[in-house]
Amino acid sequence: MLRKGKFVSEVVLVAGAQVGGQAANLARNILLARLLGPAEMGIAAMLGLAMTLLEMISDVAAEEMLVTGERADDASLQSTLHGLRVIRCAAIGMVFLAASPLIVGWFGLPGDPMSIALCTVVLLVRGFAHSDIDRFIRERRFGPYAAVQLVPQCVALAAAYPAAKYFGDYRAVLALLLAHGMTAIAISHLVATRAYRVGLDRKWLPGVWKFGGPILANGFLLFAVFQGDRFIVGTFYDPVDMGIFVTALGLALVPALLMARINATLLLPRLASRRDSAGGLAAGWGATCAVLGVLCVGMAVGFVLAGPWLLPLVYGSAFAAGAALIGVIGVGQGLFLLRDSQNVVAMARNDTRHPLLGNAIRLGAIPVSAWIASRGGSLVAVAWVMVLAEYVSLVVSSARLERVHGMRMGDSVVAGTAVLVAGIGGTLVMAGHGWVGGCAVVAAAGVVGVRAWRRVGLVGRRSNGVVAGVGGVAA
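Keep in mind that what you see is a predicted model, and the values were worked out from it rather than measured.

Novice: Before we go on, may I ask you to explain the overall build of the chain in this structure?
Specialist: Scanning the chain from terminus to terminus reveals 18 helices and zero strands. Taken over 475 residues, the chain has a buried fraction of 56%. Relative to all contacts within the chain whose residues are 6 or more apart in sequence, the contacts with residues 24 or more apart total 84%. Carbon together with sulfur atoms contributes 67% to the accessible area of the chain, which is approximately 19,000 Å² in total.

Novice: Please explain the packing of helix H16 (residues 379-405) against helix H17 (residues 410-430) as it appears in this structure.
Specialist: Axis angle and axis distance: for two packed helices, these are the angle between their axes and the distance between the axes, and together they describe the pair. At a minimum axis distance of 9 Å, the contact between H16 and H17 shows a crossing angle of 165°. One way to sum up the angle between H16 and H17 is to call them roughly antiparallel. Considering only the axes of H16 and H17, their crossing is left-handed. Two secondary-structure elements touch here, H16 through Trp-384, Val-387, Leu-388, Tyr-391, Leu-394, Val-395, Ser-398 and Glu-402 and H17 through Gly-410, Ser-412, Val-413, Gly-416, Thr-417, Leu-420, Ile-424 and Thr-427. When the residues that make up the contact of H16 with H17 are grouped by side-chain class, the tally is nine nonpolar, six polar and one charged.

Novice: Explain the packing of aromatic side chains to me, please; I cannot follow it from the model alone.
Specialist: Scanning all chains against the criterion turns up two aromatic pairs. Here the aromatic rings of Tyr-166 and Phe-167 are separated by 5.0 Å at their centres, their planes lie at 90°, and the arrangement is edge-to-face. Accessibility expressed as a relative area gives 67% for Tyr-166, which makes it exposed. Judged by centre distance (5.6 Å) and plane angle (45°), the rings of Tyr-315 and Phe-319 are tilted.

Novice: What exactly am I supposed to notice about the environment of Val-148 here?
Specialist: Within the secondary structure, Val-148 is located in helix H7 (residues 143-167). Judged by relative accessible area, Val-148 falls into the buried class, the value being 18%. Sequence separation of Val-148 and Ile-133 is 15 residues, and the distance between their C-alpha atoms is 8.5 Å. Other than its neighbours up to four places away in sequence, Val-148 contacts Ile-133, Ala-184, Ile-187 and Ser-188.

Novice: Sorry, what's going on with the packing of helix H5 (residues 113-125) against helix H8 (residues 171-190) here?
Specialist: Where H5 contacts H8, the axes come no closer than 9 Å and their chain directions differ by 20°. One element, H5, and the other, H8, form an angle in the roughly parallel class. Crossing geometry of H5 relative to H8 is assigned as left-handed. Residues Met-114, Ser-115, Leu-118, Cys-119, Val-121, Val-122 and Val-125 of H5 form the contact with H8, whose participating residues are Arg-171, Leu-174, Ala-175, Leu-177, Leu-178, Met-182 and Ile-185. Split into classes, the residues belonging to the contact of H5 with H8 amount to twelve nonpolar, one polar and one charged.

Novice: Any chance you could explain helix H14 (residues 354-363) here in plain terms?
Specialist: The α-helix advances 3.6 residues per turn, and as a result positions three or four apart in sequence lie on the same side. Along H14, the residues that are buried comprise His-354, Pro-355, Gly-358, Asn-359 and Arg-362. For H14, the angular spread of the buried residues around the axis is 105°, confining them to a single face.

Novice: Can you help me understand the nonpolar core in this one?
Specialist: Where a protein is soluble and globular, its nonpolar side chains tend to be buried together. One finds Phe-96 and Leu-251 to be the most contacted residues of the largest nonpolar core, which totals 96 residues. Ranked by residue count, the leading element in this core is helix H12 (residues 285-315), at 14 residues. Phe-96 has contacts with Leu-47, Ala-50, Met-51, Leu-54, Ile-103, Ile-116, Cys-119, Thr-120 and Leu-123, leaving out every residue within four places of it along the chain. Among the nonpolar cores identified, the runner-up in size contains eleven residues, and Val-14, Ile-133, Ile-137 and Phe-142 belong to it.

Novice: I'm lost on H17 in this one. Help?
Specialist: In this model, H17 (21 residues) spans 30 Å end to end at C-alpha, consistent with the 30 Å of a helix rising 1.5 Å per residue. Residues Asp-411, Ser-412, Ala-415, Gly-416, Ala-418, Val-419, Leu-420, Ala-422, Gly-423, Gly-425 and Gly-426 constitute the buried set of H17. Looking one or two residues beyond H17, the residue adopting positive phi is Gly-432, at roughly 100°.

What counts, and at which threshold
Residues numbered from 1 in each chain as written. Predicted model: local features only at pLDDT ≥ 70, side-chain atom pairs only at ≥ 80, totals over all residues. Heavy atoms only, no water. Helix = DSSP H or I, 4+ residues; strand = E, 2+ residues; numbered from the N terminus. Buried < 20%, exposed > 50% of the residue type's maximum accessible area, 1.4 Å probe, protein only. Contact = heavy atoms within 4.5 Å. Areas by Shrake-Rupley, 256 points an atom, 1.4 Å probe, with all protein chains shown as cover. Axes fitted to C-alpha atoms, helices over the stretch in contact; angles between N-to-C directions. Parallel < 35°, antiparallel > 145°, perpendicular 65-115°, else oblique. Left-handed = near helix turned anticlockwise from the far one by under 90°. Nonpolar A, V, L, I, M, F, W, Y, C, P; charged D, E, K, R; others polar. Phe/Tyr/Trp six-rings, centres within 6.5 Å; stacked < 30°, edge-to-face > 60°. Arc of directions from axis to C-beta. Core = buried A, V, L, I, M, F, W, Y, C linked by side-chain atoms within 4.5 Å. Expected span 1.5 Å × (residues − 1).

Here it is as structure tokens:
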């Protein structure tokens, strides 16, 4: 049993690091957007898109074995994971360098040698991080994790203004990515307790492939799902539109990523310790999902209603065209957060195939979005396609968890439906249909609020108040 006091301290530490890190990241992006403008932010986003593609389609997430694996403390496993990481990052760095003329030509970007060099170095240096951070998470020692999450973001924020003034264009964003990456790697080595070794013990390779193979396949889908919309915008729209899109997306991602990372960091090691018990995994899941439903409905409605003034207020009047866009993206991020929490449950049982299904469904929306964009459709229309696909993905993923793992996932579907209804209701309010839209918002909020009150109260009585995760998986 996890003592309530210890759990609270873990929540405060992890949440504090995530909130501080996201706040610093947001402040850096705001500063850069105001100093550089939408076009330069759009160019940097397109280069970042190419880097992300290479990272996501080569990532087997093998470090997660140090959190969930049965022999996670074996030093030879850790050195093998270090070796694989170095090889992977060196390979994708060289691929980016070789493919840079194609990348520049596809997006119509400036072919500045310094920007290509910065991107290549960013990819290379990420290969030398120390994985003791993951071991510490398994042991529920979150201090080093908090340092890696917070300090690099603060360093990048401190360097943002000088970098923007020195470079004066999109290269400032790339330089800050390098500063962030190098700081994170340095801290990972400073807080490590085990010597950094690079090896390649062949006995671990089959296990790594079994664990990470589905994740590698999922990487292609993840890129299409999370970066496909950016790729479409970068292809069919100009850099100014791309800059507006990525800033709106970045702002909407802040609360979603914050809650997702806190939930995964606290939830995964606890669920992994009892992955052989379906009942143990299911304990308190209704409460977790119910509370997430409240948070996601609030996030969706907040972005829809606050969008007209939030984006220009934060980034400046040059980004005012994205006011309606951020509301739709906020609805999509609420649905994504619910589905991501399901992936944590599946990962706890070493089910790395589960995300494939949901992401494959999301992938099916990409051709529709591309068709809308090619016909001159608005960015808002492209975003709504993403929202509807995310909802269908959530429903189908819930059904799979019930079938494969015997867990009741009705709460996820109810919460997702409430998020979608609340988002549509908020949109109707902004369009002048206040009565209809207001009723939809109130109904959605009432459903998730009542369910959260009942579920959390039930888990609290059963577990004497001992809970874990954002909403409370009984410990």
